[in-house]
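Chain and residue survey
The chain contents come next:
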Amino acid sequence: MSAAGTNAWLKCSTFEPGMLPGEYAVEIVTVSNGTISLFAPADKVRPEQHLMRVQRLHDGNGSGVLVRLPAQPFEISSQNVRVPGNNLVNE
Amino acid sequence: MILSNIEIQRAIDEGRLIIFPDPQPRSSEFPDCPYNSTAVDLHLGNVLAVPQSGPYTFDLRGTGIAKFLSQTSKQVTIGEEGYALKKGQFTLGGTVERITLPILPDGKSLAARIEGKSSLARCGLLVHFTAPTVHAGFDGTLTLEMINLGVVDISLFPGMPIAQLILEAVVGDPQANPSQFQGQITPPGTT
């Protein structure tokens, strides 16, 4: 069964307070873009578990899972990225 | 097409635009009415992110930029005495108001632009210098990119009218990303 369109939690490699209240500076590992970073809204994270809520868009065949991030990352121009499936935790 | 103050209020009443807290009073009979003919005022939150100078260079080809920006800026809570933004100084702030622009069918979606206030501009204060557009589907507070281009310091106070929001009708229906805010009328955290 496809999980496309559902929410999931993505494990973040780095998780720190952001520049402003209500946000966190997070880094995530992607399949093809290396490590990227963004400011995640506080209502989209579980700080104590280093998890960030994302939207599953497409489950690839061995090429990771395409997800939509809650904010624009700095290092690439899209909010949609492929991440390793084992970094995702279903809600 | 820019919405009039009456149409902005109608959009709020119909759930096509959510501003939390709700701008009040609505009537210009009251001196503190946040509406003018085609915009509604937004107010400065009480925390600034003040970049710290140092022996470093932004390398936008690198990684970990979010973490780097956080580590090289300092959060400052504005007290009753205000915060003196020095001439030439750059800082980030946020609006008190949370803005939500649901993606709706039948051409009902709205987008917005944040603009400065002319009174503050005369003192040399910019509240954004790029990225003024608030896209349909946005949900959150607005980050202000503030810089004092004037010749003297400018005192900033929490809750002061700092910017204005101009609403525009979106022609056609945007293709929504699944995670964008769609069709809800209550922002997260308010119920």
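Note that this is a predicted model, so its numbers are computed, not measured. (Residues numbered from 1 in each chain as written. Chains lettered and ligands numbered in written order. Predicted model: local features only at pLDDT ≥ 70, side-chain atom pairs only at ≥ 80, totals over all residues. Heavy atoms only, no water.)

For the rest of this paragraph, the subject is the overall build of chain B. When helices and strands are counted, chain B shows three helices and 13 strands. Relative to the globule expectation of 16 Å for 191 residues, the C-alpha radius of gyration of chain B, 18 Å, shows essentially globular dimensions. Residue burial in chain B is summarised as follows: out of 191 residues, 44% are buried. Put simply, of all contacts in chain B between residues at least 6 apart along the chain, 78% involve residues at least 24 apart. Of the roughly 10,100 Å² of accessible surface on chain B, 54% is carried by carbon and sulfur atoms. Taken together, the 13 basic and 18 acidic charged side chains of chain B have centroids lying 7 Å from each other. (Helix = DSSP H or I, 4+ residues; strand = E, 2+ residues; numbered from the N terminus. Rg over C-alpha atoms; globule rule 2.2 N^0.38 Å. Buried < 20%, exposed > 50% of the residue type's maximum accessible area, 1.4 Å probe, protein only. Contact = heavy atoms within 4.5 Å. Areas by Shrake-Rupley, 256 points an atom, 1.4 Å probe, with all protein chains shown as cover. Lys, Arg positive; Asp, Glu negative; His and termini not counted. Charge placed at Lys NZ, Arg CZ, Asp CG, Glu CD.)

Residue and element names in this part refer to chain A. As summarised here, the arrangement of the three strands in space is β2-β3-β4, forming an open sheet in which the pairing is antiparallel. The open sheet has two edge strands with one neighbour each: β2 (14–17) and β4 (35–41). The mean inter-strand angle of the sheet, taken between neighbouring strand axes irrespective of direction, is 20 degrees. Judged from the four bridges that link them, β2 and strand β3 (residues 23–29) form a sheet pairing that is antiparallel. Looking at β3, one finds that E16 is bridged to A25. (Pairing = 2+ DSSP bridges. Axes fitted to C-alpha atoms, helices over the stretch in contact; angles between N-to-C directions.)

For the structure shown, the criterion picks out six aromatic pairs over all chains. Aromatic ring contacts, followed pair by pair, group Y56, F58 and F68 of chain B into a single cluster. (Phe/Tyr/Trp six-rings, centres within 6.5 Å; stacked < 30°, edge-to-face > 60°.)

The subject of this paragraph is the pairing of strand β8 (residues 80–83) of chain A. Residues in a regular strand point their side chains to alternate faces of the sheet. All names here are of chain A. Side chains V81 and V83 project from β8 onto a buried face, and the interleaved N80 and R82 project onto a face without burial. Note that strand β7 (residues 65–68) and β8 share four bridges and pair antiparallel. Each residue of the ladder has a partner; that of L66, found in β8, is R82.

The next subject is the nonpolar core. Ranked by internal contacts, the top residues of the largest apolar core, which has 36 residues, are L17, L44, L125, M146, L156, I162 and L165 of chain B. The set of elements that each furnish at least two residues to this core consists of α1 (5–13), β3 (39–43), β4 (47–51), β6 (83–85), β8 (110–115), β11 (139–148), β12 (154–156) and β13 (161–169) of chain B. For L44 of chain B, the residues in contact, after removing those within four places along its chain, are I78, G94, V96, L144, M146, L156, F157, P158, G159, M160 and I162 of chain B. Residues V54, V65, V67 and L69 of chain A belong to the second largest nonpolar core, which totals 20 residues. (Core = buried A, V, L, I, M, F, W, Y, C linked by side-chain atoms within 4.5 Å.)

Geometry only, nothing functional implied.
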